[in-house]
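What the coordinates show
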Amino acid sequence: MNLESSIYDQPCINLALQNYSERYWVDWYIPLVENGGINIVKTTDELRTAINEYLKNPKKDSGGRKAIYDSFVHFSDGKSYQRSVDAIGRITESVIH
């Protein structure tokens, strides 16, 4: 969902309530957080504040979302489905023959 929010430049709030924040500090997720386009909240007060800030200014953290998009979204032509189908076809062909 974080990548989708970056693609469409929409705010994204990740819940890290009840000491869940360590779940976000894994090698594949750290770059998303470090780009600054994802908001991680640890308390209900932080959640309330984040929601209100994004309602007032949905473009807050837009630069970070753009950085995530540029770093992680390699295709934006709407044809990822076709690349997946083609890859599955190649795999199937190699197994059958």
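Above this text is the structure in question.
Remember, it's a predicted structure, so these values are computed and weren't measured experimentally.

1. Digging into the side chain of Ser5
You can see Ser5 is positioned in helix 1 (residues 2-7). Take Ser5: its relative accessible area is 8%, and that puts it in the buried class. Leaving out residues up to four positions away in the same chain, Ser5 has contacts with Gln10, Pro11, Cys12 and Arg65.

2. Some words on a nonpolar patch on the surface
Residues Leu3, Ile7, Tyr8 and Phe72 make up a contiguous nonpolar surface patch of about 370 Å² in total accessible area. Mapping Tyr8 onto the fold places it in the loop between helix 1 and strand 1 (13-15). Its relative accessible area of 60% is what places Tyr8 among the exposed residues.

3. Section: helix 4 (residues 62-72)
Buried residues of helix 4: Gly64, Arg65 and Ile68, and no others. Projected down its long axis, helix 4 carries its buried residues within an arc of 100°, all on one side. Looking at the buried side of helix 4, the elements it contacts are helix 1, helix 2 (30-34) and helix 3 (44-56).

4. Considering unusual backbone geometry
One non-glycine residue, Asp9, lies in positive phi territory at about 50°. For Asp9, the position within the fold is in the loop between helix 1 and strand 1.

5. A short note on the packing of aromatic side chains
One pass over the structure, following the stated rule, counts 2 aromatic pairs. For the pair Tyr24 and Tyr29, a centre-to-centre distance of 5.3 Å together with 45° between the ring planes defines the contact as tilted. Classification of Tyr24 as buried rests on a relative accessible area of 11%. Judged by its relative accessible area of 5%, Tyr29 falls in the buried class.

Reading guide: rules and limits
Position labels on residues start from 1 in each chain and follow its written sequence. Residues qualify for local features only when their pLDDT is at least 70, as the model is predicted, and side-chain atom pairs are given and counted only at 80 or more; totals for whole chains, interfaces and linings, by contrast, use all residues. To obtain the side-chain values, all non-hydrogen atoms of the structure were included, while hydrogens and water were left out. A helix here means a DSSP run of H or I that spans at least four residues, while a strand means a run of E at least two residues long, and both kinds are numbered starting from the N terminus. Three labels apply to residues, based on accessible area from a 1.4 Å probe with only protein chains included: buried if under 20% of the type maximum, exposed if over 50%, partly exposed otherwise in between. The criterion used for residue contact is that any of the two residues' heavy atoms lie within 4.5 Å. Patch membership requires over 30% relative accessible area and the absence of a salt bridge. Like charges are linked within 9 Å, and nonpolar side chains (Val, Leu, Ile, Met, Phe, Trp, Tyr) within 5 Å. Note on areas: Shrake-Rupley with a 1.4 Å probe; residue coverage comes only from the protein chains shown. What counts as a salt bridge is simple: a side-chain nitrogen of Lys or Arg found within 4 Å of a carboxyl oxygen of Asp or Glu. What the arc measures is the spread of directions leading from the helix axis to the C-beta atoms. Here a pair means two rings of Phe, Tyr or Trp (six-membered ring of Trp) with centres within 6.5 Å. Their orientation is stacked below 30 degrees between planes, edge-to-face above 60, and tilted elsewhere.

Just geometry here; none of it tells us what the structure is for.
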